[in-house]
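The lines below spell out each chain.
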Amino acid sequence: RGETFYRNARSLGETEIGNDTVRSVHVAPGCRAVLYRHNDYRGESTLLTRDAESLRFTAVGNDEASSIEVDCR
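Everything numeric here is computed off the predicted structure, so don't read it as measured data. (Residues numbered from 1 in each chain as written. Predicted model: local features only at pLDDT ≥ 70, side-chain atom pairs only at ≥ 80, totals over all residues. Heavy atoms only, no water.)

K.L.:
What is the right way to look at the environment of Thr-15 in this model?
P.N.:
Positionally, Thr-15 belongs in the segment before β1 (31-38). For the pair Thr-15 and Phe-5, spaced 10 residues apart in sequence, the C-alpha separation works out to 9.6 Å. A polar atom in the side chain of Thr-15 sits 2.6 Å from the backbone oxygen of Leu-12. (Helix = DSSP H or I, 4+ residues; strand = E, 2+ residues; numbered from the N terminus. Polar contact = N/O pair within 3.5 Å; in protein donor to acceptor, adjacent residues only side chain to side chain.)

K.L.:
Just checking my understanding: could you explain the nonpolar core for this structure?
P.N.:
In summary, soluble globular proteins display a tendency toward joint burial of nonpolar side chains. Core analysis: the biggest nonpolar cluster contains 16 residues, and Leu-12, Val-25, Leu-35, Leu-48, Leu-55 and Ile-68 have the highest contact counts within it. Elements with a minimum of two residues in this core: β1 and β3 (67-72). Aside from chain neighbours lying at most four places away, what touches Leu-48 is Val-25, Val-27, Cys-31, Arg-32, Ala-33, Leu-35 and Leu-55. (Core = buried A, V, L, I, M, F, W, Y, C linked by side-chain atoms within 4.5 Å. Buried < 20%, exposed > 50% of the residue type's maximum accessible area, 1.4 Å probe, protein only. Contact = heavy atoms within 4.5 Å.)

K.L.:
Please clarify how the pairing of strand β2 (residues 42-48) should be interpreted in this entry.
P.N.:
On any regular strand, side chains alternate: one points to one face of the sheet, the next to the other face. Note that β1 and β2 share 5 bridges and pair antiparallel. Considered in β2, the bridge of Ala-33 is made with Leu-48. Linking two consecutive strands that pair antiparallel, namely β1 and β2, is a turn of 3 residues; a positive phi of about 60 degrees is found at Asp-40 within it. (Pairing = 2+ DSSP bridges.)

Geometry only, nothing functional implied.
As structure tokens, this is what we get:
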């Protein structure tokens, strides 16, 4: 299951992918994503500028992301 984000999502619970389900992330060239452990861009965060096959060893961790900021230039 996957979802493409073109803009920020303050609560992944309000998206198709859902809250606390993210294990990997594809980041398009020229883009960056910041995953947060809690809604409203709060808590531990992980900045990604390239693909991450696993979030296991990041500050957010697997199945813990609750919000995302996306920036593509």
